[in-house]
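The chain contents come next:
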Amino acid sequence: EPEVTQTPSHQVTQMGQEVILRCVPISNHLYFYWYRQILGQKVEFLVSFYNNEISEKSEIFDDQFSVERPDGSNFTLKIRSTKLEDSAMYFCASSARTVTRYEQYFGPGTRLTVT
Amino acid sequence: DQQVKQNSPSLSVQEGRISILNCDYTNSMFDYFLWYKKYPAEGPTFLISISSIKDKNEDGRFTVFLNKSAKHLSLHIVPSQPGDSAVYFCAALGSNYKLTFGKGTLLTVNP
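Caption draft 1: Broad picture of the pairing of strand β5 (residues 45-51) of chain B. Residue and element names in this part refer to chain B. Within β5, six of the seven residues are buried, leaving the element largely enclosed by the surrounding structure. By the bridge criterion, six bridges tie strand β4 (residues 32-38) to β5 in an arrangement that is antiparallel. By the bridge assignment for β5, Tyr 36 is matched with Phe 46. The turn joining β4 and β5, which pair antiparallel and follow one another in sequence, is formed by six residues; a positive phi near 65° is taken by Ala 41.

Here it is as structure tokens:
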């Protein structure tokens, strides 16, 4: 069964460093998303991406964040200068361009720890 | 932001019985509602969804009921199995295709 994959599973970085989280969405999906879950809190929407541009972003997704689809398979989230409060699980999701577009399929997540 | 609320942080049921997970929402503009299941160290797994124009959707052991007037939905699992033990998230989708999640309910199914 097709699935969303994410690498790395765990990333430890120092405050102020740049990190890139990588995702490979399901191959025939055209809509891509990033969510995050801070420990003990809700899963929160960060950004959605379609047709090589951002469709929607939350107030969390400030200038320190960017997304990119550098090739036909990868979808990345970059945090330019990490802060302690960026420590969270980051989930990538994708959905198809069909009537079931609302069904978003999630990857296993990347645990980001900022020290 | 309390647009989607799951008021029960945990639920414990016996194997073979029914599990009922509840969710309330405040935004009447949501178009779809989804239930996700999550195991530790894994991402949310899509289970079942319902359109805002329906009141019931069934898929095997899982049934979701939507009461629009009460802004309430529930997930029924019958019969419950030990492998169903996980955190269940209710999520709602608006026209912007952004999912808004509840805090989750930890379901424990005891053998």
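Caption draft 2: A look at the sheet that holds strand β7 (residues 62-67) of chain B. Residue and element names in this part refer to chain B. Spatially, five strands are ordered β1-β3-β8-β7-β6 in an open sheet, and the strand pairing comes out antiparallel. Strand pairing shows two members of the sheet lacking a second neighbour, β1 (4-5) and β6 (56-59), which therefore form its edges. Judged from the two bridges that link them, β1 and strand β3 (residues 19-25) form a sheet pairing that is antiparallel. Bridge pairing in β3 links Lys 5 to Asp 24.

Caption draft 3: Main features of the state of the cysteines. Residue and element names in this part refer to chain B. The final tally for this structure, using the stated rule, is two disulfides over all chains. Each sulfur in the disulfide pair Cys 23 and Cys 90 lies 2.0 Å from the other. As the torsion about the S-S bond is roughly -70°, the Cys 23-Cys 90 disulfide counts as left-handed. Of this pair, Cys 23 sits in strand β3 while Cys 90 sits in strand β9 (residues 86-93); the two residues are 67 residues apart in sequence, bridging distant segments of the chain. Like Cys 90, Cys 23 is buried.

Thresholds applied
Residues numbered from 1 in each chain as written. Chains lettered and ligands numbered in written order. Predicted model: local features only at pLDDT ≥ 70, side-chain atom pairs only at ≥ 80, totals over all residues. Heavy atoms only, no water. Buried < 20%, exposed > 50% of the residue type's maximum accessible area, 1.4 Å probe, protein only. Helix = DSSP H or I, 4+ residues; strand = E, 2+ residues; numbered from the N terminus. Pairing = 2+ DSSP bridges. Disulfide = S-S within 2.5 Å.

So yeah, pure geometry; function would need other evidence.
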